[in-house]
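Here is what each chain is made of, one letter per residue.
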Amino acid sequence: MISVAIDGPAGAGKSSLAKRLARDLGYIYVDTGAMYRAVGLYALRAGADPADRAAVTALLPGIRLRLAVVDGAQHIYLNDEDVSGLIRTEQVGMAASAVGANPDVRAFLLELQRETARTGNVLMDGRDIGTVILPHATVKIFLTASSEARARRRWLEYQAAGRPESYEEVLADVKQRDEQDAGRAAAPLRQAEDAVLLDTSALDFEQSLAAMKEIIQKRVEGL
Ligand code: DC
């Protein structure tokens, strides 16, 4: 079985690239950020501060997560409710980043992630896939881009969706999330020693996709 670990900061294009790659290669796409987002959403709904470790840890026994592929797209169920759309907001992204600093949350999600990787050839994206979750992944890619390039892409998506956030707000969020994700003690975002670094600041989607395919093919053919 082949596993491809894709890690990197928020907004580097991991999920859109990984989704397309999974389709092209016939692999299963696993979005681990969606799991953290679902936990973040649960905490917000429960009125807990996502950064309050004890409060969030106390909520974990009430959380059941399930991933399923519906019409080719990954859906995530939080206690049987499909929250795939609800988790795609800045607020839930921030909450996900905050609960991600909680080691109990990470331990809670670790087995689900490893279990999912055993179901077939997978492409898993997150922050600690190559370093913690799948240390023996067949291929590891660390996908990054400058904070300005990442903020600009996200802002353009928001503009297209008619959302009001300014570029400056999006850039501030990107920087705050970088700090939170890379600065935390538990499984911080970092490049695995054996990961291939791909900086997409100057690449468009198709170029990034081609570069990733090349990295994967080289490694898989070399097996
Ligand atoms: O990839 P994303 O933007 O959906 O992730 C949301 C947050 O979840 C991210 O800022 C940090 C956290 N996260 C994590 O800590 N570990 C992962 N493997 C995936 C996401």
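Rules behind the numbers
Residues numbered from 1 in each chain as written. Predicted model: local features only at pLDDT ≥ 70, side-chain atom pairs only at ≥ 80, totals over all residues. Heavy atoms only, no water. Core = buried A, V, L, I, M, F, W, Y, C linked by side-chain atoms within 4.5 Å. Buried < 20%, exposed > 50% of the residue type's maximum accessible area, 1.4 Å probe, protein only. Helix = DSSP H or I, 4+ residues; strand = E, 2+ residues; numbered from the N terminus. Contact = heavy atoms within 4.5 Å. Axes fitted to C-alpha atoms, helices over the stretch in contact; angles between N-to-C directions. Parallel < 35°, antiparallel > 145°, perpendicular 65-115°, else oblique. Nonpolar A, V, L, I, M, F, W, Y, C, P; charged D, E, K, R; others polar. UniProt positions renumbered as here; feature names shortened; annotations may be inferred. Pairing = 2+ DSSP bridges. Salt bridge = Lys/Arg side-chain N within 4 Å of Asp/Glu carboxyl O.

## Quick look at the nonpolar core
Then comes step 1: Counting 30 residues, the largest nonpolar core has Val39, Leu65, Ile76 and Val105 as its most contacted members.
Then comes step 2: Elements supplying a minimum of two residues to this core: α2 (32-45), β4 (73-78), α4 (90-99), α5 (103-117), β6 (122-126) and α6 (129-133).
Then comes step 3: Element by element, the count of residues in this core is highest for α2, at seven residues.
Then comes step 4: Setting aside chain neighbours within four positions, we find Ile76 in contact with Ala34, Met35, Ala38, Leu65, Arg66, Leu67, Glu81, Asp82, Val83, Ser84 and Ile87.
Then comes step 5: Leu21, Tyr27, Leu123 and Ala211 belong to the second-largest nonpolar core, a separate cluster that totals 20 residues.

## Description of the packing of α2 against α4
Then comes step 1: Two elements in contact, α2 and α4, have axes whose closest approach is 7 Å; the angle formed by their N-to-C orientations is 100°. The orientation of α2 with respect to α4, classified from their angle, is roughly perpendicular. Along its contact with α2, which presents Tyr36, Arg37, Val39, Gly40, Leu41 and Leu44, the element α4 presents Gln91, Val92, Gly93, Ala95, Ala96 and Val99.
Then comes step 2: A per-class count over the contact of α2 with α4 returns eight nonpolar, three polar and one charged.

## Examining the side chain of Asp128
Then comes step 1: On the secondary structure map, Asp128 appears in the loop between β6 and α6.
Then comes step 2: With residues up to four places along the chain from it excluded, the contact list for Asp128 reads Asp7, Arg106, Ile133 and Ala187.

## Concerning the UniProt feature "domain: Cytidylate kinase" (unreviewed entry) in the protein
Then comes step 1: The sites that UniProt annotates as "domain: Cytidylate kinase" (unreviewed entry) are residues 4-217.
Then comes step 2: For residues 4-217, the helix share is 50%, the strand share is 17%, and the end-to-end C-alpha distance is 11 Å.

## Section: the pairing of β4
Then comes step 1: By the bridge criterion, six bridges tie strand β3 (residues 65-70) to β4 in an arrangement that is antiparallel. Considered in β4, the bridge of Val70 is made with Ala73.
Then comes step 2: Between β3 and β4, which pair antiparallel and follow one another directly, the connecting turn spans two residues, one of which, Asp71, has a positive phi of 50°.
Then comes step 3: Connecting β4 to the antiparallel partner strand β5 (residues 81-82) that follows it, the hairpin turn spans two residues, and Asn79 within it adopts a positive phi of roughly 45°.

## Side note on the pattern of salt bridges
Then comes step 1: Summed over the entire model, instances satisfying the criterion amount to 15 salt bridges.
Then comes step 2: In this structure, the salt-bridge partner of Lys213 is Asp24, at a minimum N-O distance of 2.8 Å. Pair noted here: Lys213 is in helix α9 (residues 205-221) and Asp24 is in helix α1 (residues 14-25), with a separation of 189 residues, a long-range link.
Then comes step 3: Overall, the relative accessible area of 34% leaves Asp24 in the partly exposed class.
Then comes step 4: For Arg127, the salt bridge is made with Asp181, and the minimal N-O distance between the two is 3.2 Å. In this pair, Arg127 sits in the loop between β6 and α6 while Asp181 sits in helix α8 (residues 167-183), placing the two residues 54 residues apart along the sequence. Grouping residues by exposure puts Arg127 and Asp181 together as buried.
Then comes step 5: Because the salt bridges share partners, they merge into one network encompassing Arg20, Asp24, Glu206 and Lys213.

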